[in-house]
Amino acid sequence: MKTIMSGNEAVARGAYEAGCSVAAAYPGTPSTEILESTAAYKEIYSEWSTNEKVALEIACGASIAGARALAAMKHVGLNVAADPMFTAAYTGVNGGLVIVTADDPGCHSSQNEQDNRNYAPFAKVPMLEPSDSQECKDYLKLAFELSERFDTPVLLRMTTRVCHSKGLVELGERVEAGVKEYKKDAAKYVMAPANARARRAILEERLGRLREYADTCPCNRIEWGDKRIGIITSGISYQHAREVFGEGASYLKLGLTYPLPDRLIRKFAGEVGKVYVIEENDPYLETHVRSLGVECLGKEVLPACGELSPEVIRKALLPAAGENGYSVEAEAPSRPPVLCAGCPHRGLYYALSKRRDVVVAGDIGCYTLGAMPPLSVTDTVICMGAGISAAVGMEKAFKKAGRKSKVIGCIGDSTFFHSGITGLIDAVYNKSSVAICILDNRTTAMTGHQENPGTGKTLMGEDVPVIEIEKIVKAVGIKEENIRVITPYDLVQTEKAVREACEATEPFVIISREPCALLKEVQKERRGRRCEIDTEKCKKCKACLKIGCPALVFKEGQVVIDGSMCNGCTLCLQVCRFDAVKKVGD
Amino acid sequence: MTRSVLLVGVGGQGTILTSKVLAGGLIKLGHDVKMSEIHGMAQRGGSVTTQVRYGEKVYSPSIGKGEADVLVAFEKVEALRWLPWLKKGGTLIVNDYEIYSLPVLTGAENYPEGIVEQLEKAVERIIVLNAAKIAADLGSIKAQNIVLLGVLVRALGLDGKDGPDWLKMVRENVPAGLRDLNARAFEAGMNA
């Protein structure tokens, strides 16, 4: 039976059919739906781990114990999980182990655009690159087979366009892989230096066998067309290239992209006129092709940044094809993402935006949007966890320079569990006087409301104890008198907490708690609640527009509240000095 | 022959659901289908696009500038933003409806006037309707995406007798309490 699936759904389906029994991940666009989909198969234990390193270590443990296991993450997540990955390459596996990295060329929802194909040679693990949903499923199954056959973790590298595009997939049945017998084997699984040195040699020997295999791997294939142009490509770039050149070129379509099939590349290059290498981001294939002495055309004409598309390829390689679209004079105003109407983060950010004496280190999540005007609060965003640790560093530097700015770190609840705790420990241990705001909206909102250790539910829907942020904050050594738990919808309370935080000389924590306005239960509870503007009383001072709420519209010289968006958070009411906003509903 | 449909709108308007129903119908018609969407930060009030390509064999899921056979704009400014993606001679469907972005709301940028007039002057095959009003009159503005689906199915010529049962698919893809409303919305779109 054929059904339409996204690449992520197809990866999960592949895991199901391959008899995978443990899957772990931390949510991150574009990879999130992989685990949401494995969780729908009761045969696969699926969990949101606290971060990607933990997810991969769980998968490693399950694999060593004998189960087929999968860990999935977005590209930057693999940086977090790189530590266990590099050593897992040494230990090898017992049950098959697959690591999925979902890269984001074009930075659609990421802080950078790293090309994680580079991780494969770096960690010396084989890598498969699917180009559509059917291949996502097929390659995932192949990855488990290769993992067990060559005793190695396998990297499955996807990109946004593969993860989130939907295509037809032929479904198969699950083949139970069971849980293999576990035998204690310290020389293989305890990577103390003496054992690691021995495994290092095994790793090289394994790579030799994988190189042999690469030349015969069925997912490295030649599609002959016009032999005047030969295109070497992989992943989504193959689909774009086929779209542009059709039968007008021959293709070497690479599915196993580490190790690369040298003999096959040489054979292909020898039979075609000109060789083009078509790939996104880094010249990963191109560098290798050139190292074999094959002349080719690639990054000289194709961009090294952003996504490829048929359009980009056509412009670079077939410049005679002109543009064929419409245009008009009027220009579209920009439409940047914003904090939603009624978002609880807005109250805290508004309070911070009124202070000129603060510098704010931000983090990864919805609250990154605090950097956008009109709030414009956030000064830095580096990576998950840096909302606390970068703040500690800034504060040390400012102190050294004798500057008075108060440094504030902002981090979300899920991110606090992910990698904020260690930063907070550092702040206490190293006598920092930062103030940390934990924006606890009771969910992992940015990626689409995943559960986390603070919500009391697991990915598979079980009830579990809530891990309380206050208790952790206290346990790492923040003094009771330096902790405030506030509701950010109460501006008086919020501004007071921010003021106290700014005056504190010891590490200080504000837990700003109110559930995400988009959560179903919250929407239900707040249905009917909204604010209205009394146009008689309104002095048109526009102070309310400074909170940056998308429900407030300045139209024909008048501020109005869009009733379909407003859910009555009352922040606009609280900033109005003329009592012109009133609350409707309850 | 591969055909390309680009649906553009604002987060929350239902472009993804619309594309999903469309893709389902195209599969029933025996086409190879690829559908592509970008989420992430766009969910927070940003510009959202979904792309549907269909034909005997579809390779790339991406539609480039000047490559869309049909452009469906769920909001007027989005029609403006994505117009260069419409192929010369292609069909433009515009929802005559405004959603202001934050820079417009705060007065930092202007919402242009006369968008529809400019589009009508430039594009030969254009369908303009207020799907939001049609849906609101039927019971909920939220069904505007299904009104537009009806218009789109008709424009693509997929409403023939041997076509799939679109009404059934609409019903299967919306919440139970809204099935009748959305069925009426689809019909209103088909007849608009």
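The structure presented is a predicted model; accordingly, all values stated were derived computationally and were not measured.

### Remarks on the packing of helix H6 (residues 144-155) of chain B against helix H8 (residues 179-191) of chain B
Two measures define how a pair of helices packs: the angle their axes make with one another and the distance between the axes.
Residue and element names in this part refer to chain B.
Turning to step 1, where the next piece is worked out: Relative orientation of the contacting elements H6 and H8 amounts to 40°, with a least axis distance of 6 Å. One way to sum up the angle between H6 and H8 is to call them oblique. Handedness of the crossing formed by H6 with H8: right-handed. On the side of H6, the interface is formed by Ile146, Val147, Leu149, Gly150, Val151, Val153 and Arg154, while H8 contributes Asn182, Ala185, Phe186, Gly189, Met190 and Asn191.

### Some thoughts on the environment of Leu155(A)
Residue and element names in this part refer to chain A.
Turning to step 1, where the next piece is worked out: Examined against the element boundaries, leucine 155 turns out to sit in strand S7 (residues 154-159).
Turning to step 2, where the next piece is worked out: By relative accessible area, leucine 155 is classed as buried at 0%.
Turning to step 3, where the next piece is worked out: On a C-alpha basis, the gap between leucine 155 and threonine 487 in space is 43 Å, while along the polypeptide they are 332 residues apart.
Turning to step 4, where the next piece is worked out: In contact with leucine 155, not counting residues within four places along its chain, are Leu78, Met85, Ile99, Thr101, Asn116, Tyr119, Ala120, Val125, Pro126, Met127 and Leu128.

### Thoughts on the sheet that holds strand S18 (residues 508-513) of chain A
Backbone hydrogen bonds hold the strands of a sheet together, and the pairing may be parallel or antiparallel.
All names here are of chain A.
Turning to step 1, where the next piece is worked out: Spatial strand order, S14-S15-S16-S18-S17: 5 strands in an open sheet with parallel pairing. In the strand order of this sheet, the two ends are held by strand S14 (358-361) and strand S17 (483-486), each with one partner. Strand-to-strand, the axes of this sheet are offset by a mean angle of 20°, without reference to chain direction.
Turning to step 2, where the next piece is worked out: Strand direction decides the pairing type here: strand S16 (residues 435-440) and S18, joined by 6 bridges, are parallel. Across the sheet, the residue bridging to alanine 435 is phenylalanine 508, located in S18.

### So, the pattern of salt bridges
Turning to step 1, where the next piece is worked out: Under the definition given, this model contains 58 salt bridges over all chains.
Turning to step 2, where the next piece is worked out: In this structure, Glu395(A) engages Lys399(A) in a salt bridge whose closest nitrogen and oxygen atoms are separated by 2.9 Å. Of this pair, Glu395(A) and Lys399(A) both sit in helix H15 (residues 386-401), separated by 4 residues, roughly a single helical turn.
Turning to step 3, where the next piece is worked out: Here Asp69(B) makes a salt bridge to Lys87(B), at a shortest N to O gap of 3.0 Å. Linking Asp69(B) in strand S4 (residues 68-73) with Lys87(B) in strand S5 (residues 86-95), this pair joins segments that are 18 residues apart in sequence.
Turning to step 4, where the next piece is worked out: Assessed through its relative accessible area of 11%, Asp69(B) is described here as buried.
Turning to step 5, where the next piece is worked out: On the accessibility criterion, Lys87(B) (24% relative accessible area) is partly exposed.

### Considerations on the environment of Val76(A)
Turning to step 1, where the next piece is worked out: Tracing the sequence through the fold places Val76(A) in helix H4 (residues 75-91).
Turning to step 2, where the next piece is worked out: We classify Val76(A) as buried; its relative accessible area is 14%.

### Details of the sheet that holds strand S3 (residues 45-48) of chain A
Residue and element names in this part refer to chain A.
Turning to step 1, where the next piece is worked out: Spatial strand order, S3-S2-S4-S5-S7-S6-S12: 7 strands in an open sheet with mixed pairing. Across the chains shown, the open sheet's two edge strands, defined by having one partner strand only, are S3 and strand S12 (256-258).
Turning to step 2, where the next piece is worked out: Contacts from H4 reach strand S4 (69-74), strand S5 (97-103) and S7, with the element oriented near 145° to S4.

### Some points on the side chain of Glu47(A)
Residue and element names in this part refer to chain A.
Turning to step 1, where the next piece is worked out: Examined against the element boundaries, glutamate 47 turns out to sit in strand S3.
Turning to step 2, where the next piece is worked out: At 13 Å, lysine 53 is the nearest oppositely charged side chain to glutamate 47, a buried residue that forms no salt bridge.
Turning to step 3, where the next piece is worked out: A polar atom in the side chain of glutamate 47 sits 2.7 Å from the side chain of tyrosine 45.
Turning to step 4, where the next piece is worked out: Within the structure, glutamate 47 has its side chain in polar contact with the side chain of serine 49 (distance 2.5 Å).
Turning to step 5, where the next piece is worked out: Ignoring sequence-local partners within four residues, the contact set of glutamate 47 consists of Ala23, Ala24, Ala25, Leu35, Ile58 and Leu459.

### Notes on the packing of aromatic side chains
Residues and elements named next belong to chain A.
Turning to step 1, where the next piece is worked out: This model, assessed by the stated rule, comprises 11 aromatic pairs over all chains.
Turning to step 2, where the next piece is worked out: Centre to centre, the rings of phenylalanine 150 and tyrosine 213 are 5.6 Å apart; their planes meet at 55°, and the pair counts as tilted. Of this pair, phenylalanine 150 sits in helix H6 (residues 133-150) while tyrosine 213 sits in helix H9 (residues 193-214); the two residues are 63 residues apart in sequence, bridging distant segments of the chain.
Turning to step 3, where the next piece is worked out: Given the relative accessible area of 8%, tyrosine 213 is considered buried.

### Focus: the interface of chain A and chain B
Where interface size is given, it is often the accessible area lost as the parts come together that is meant.
Turning to step 1, where the next piece is worked out: Taken together, the contact between chain A and chain B spans 55 residues of the former and 57 residues of the latter.
Turning to step 2, where the next piece is worked out: Where chain A abuts chain B, roughly 5000 Å² becomes buried across the two surfaces, and 59% of that area is made up of carbon and sulfur atoms.
Turning to step 3, where the next piece is worked out: When the buried area of chain A at its contact with chain B is split by residue, Tyr326(A), Pro333(A) and Arg335(A) rank highest and sum to 21% of it.
Turning to step 4, where the next piece is worked out: Between the two partners, chain A and chain B, sit 4 salt bridges.
Turning to step 5, where the next piece is worked out: Arg53(B) serves as the salt-bridge partner of Glu243(A), at 2.8 Å between the closest nitrogen and oxygen.
Turning to step 6, where the next piece is worked out: Along the contact surface separating chain A from chain B lie 20 residue pairs in polar contact (both at pLDDT 80 or more).
Turning to step 7, where the next piece is worked out: Put simply, the parts of the chain that give the side of chain A that touches chain B at least two residues each are helix H7 (160-164), strand S8 (166-170), helix H10 (235-245), helix H13 (310-317) and strand S20 (552-555) of chain A.

### Some points on the pairing of strand S19 (residues 530-533) of chain A
Residue and element names in this part refer to chain A.
Turning to step 1, where the next piece is worked out: Side-chain alternation along S19 places Cys531 and Ile533 on a buried face and Arg530 and Glu532 on a face that remains uncovered.
Turning to step 2, where the next piece is worked out: The pairing of S19 with strand S22 (residues 581-584) spans 4 bridges and is antiparallel. Paired with isoleucine 533 across the bridge in S22 is valine 581.

### Some details on the environment of Asn441(A)
All names here are of chain A.
Turning to step 1, where the next piece is worked out: By the element assignment, asparagine 441 lies in the loop between S16 and helix H17 (469-475).
Turning to step 2, where the next piece is worked out: Classification of asparagine 441 as buried rests on a relative accessible area of 5%.
Turning to step 3, where the next piece is worked out: Here the alpha-carbon distance between asparagine 441 and isoleucine 511, two residues 70 residues apart in the chain, equals 10 Å.
Turning to step 4, where the next piece is worked out: Beyond its immediate sequence surroundings of up to four residues, asparagine 441 is in contact with Pro344, His345, Asp413, Glu514, Pro515, Cys516 and Leu519.

### Comments concerning the nonpolar core
All names here are of chain A.
Turning to step 1, where the next piece is worked out: Core analysis: the largest hydrophobic core is formed by 87 residues, its most contacted members being Leu70 and Leu128.
Turning to step 2, where the next piece is worked out: Looking at this core element by element, the count peaks at 8 residues for H6.
Turning to step 3, where the next piece is worked out: Grouped together as the second largest cluster of nonpolar side chains are 73 residues, Ile408, Val476, Ala497 and Ile561 included.

### Quick word on the confidence of the model for chain B
Turning to step 1, where the next piece is worked out: Averaged over every residue, the pLDDT of chain B is 93; residues scoring 70 or more account for 96%.
Turning to step 2, where the next piece is worked out: Across the interface, the model reports ipTM at 0.92; the global pTM reads 0.94.

### Focus on unusual backbone geometry
For residues other than glycine, phi is negative in most cases, and the peptide bonds are mostly trans.
Residue and element names in this part refer to chain A.
Turning to step 1, where the next piece is worked out: The omega angle of the peptide bond from threonine 29 to proline 30 is 10°, so this bond is cis rather than trans.
Turning to step 2, where the next piece is worked out: Relative to the elements of secondary structure, proline 30 occurs in the loop between strand S2 (22-25) and helix H2 (33-38).
Turning to step 3, where the next piece is worked out: Omega for the peptide link from proline 373 to proline 374 comes to 5°, which places this bond in the cis form.
Turning to step 4, where the next piece is worked out: Within the element layout of this structure, proline 374 appears in the loop between S14 and H15.
Turning to step 5, where the next piece is worked out: Of note, glutamate 556 is a non-glycine position whose phi angle comes to about 45°, a positive value.
Turning to step 6, where the next piece is worked out: Secondary-structure assignment places glutamate 556 in the loop between S20 and strand S21 (558-561).

Parameters and conventions
- Residues numbered from 1 in each chain as written.
- Chains lettered and ligands numbered in written order.
- Predicted model: local features only at pLDDT ≥ 70, side-chain atom pairs only at ≥ 80, totals over all residues.
- Heavy atoms only, no water.
- Axes fitted to C-alpha atoms, helices over the stretch in contact; angles between N-to-C directions.
- Helix = DSSP H or I, 4+ residues; strand = E, 2+ residues; numbered from the N terminus.
- Parallel < 35°, antiparallel > 145°, perpendicular 65-115°, else oblique.
- Left-handed = near helix turned anticlockwise from the far one by under 90°.
- Contact = heavy atoms within 4.5 Å.
- Buried < 20%, exposed > 50% of the residue type's maximum accessible area, 1.4 Å probe, protein only.
- Pairing = 2+ DSSP bridges.
- Salt bridge = Lys/Arg side-chain N within 4 Å of Asp/Glu carboxyl O.
- Lys, Arg positive; Asp, Glu negative; His and termini not counted.
- Polar contact = N/O pair within 3.5 Å; in protein donor to acceptor, adjacent residues only side chain to side chain.
- Phe/Tyr/Trp six-rings, centres within 6.5 Å; stacked < 30°, edge-to-face > 60°.
- Buried area = accessible area lost by both parts, 1.4 Å probe.
- Core = buried A, V, L, I, M, F, W, Y, C linked by side-chain atoms within 4.5 Å.
- pLDDT = per-residue confidence, 0-100.

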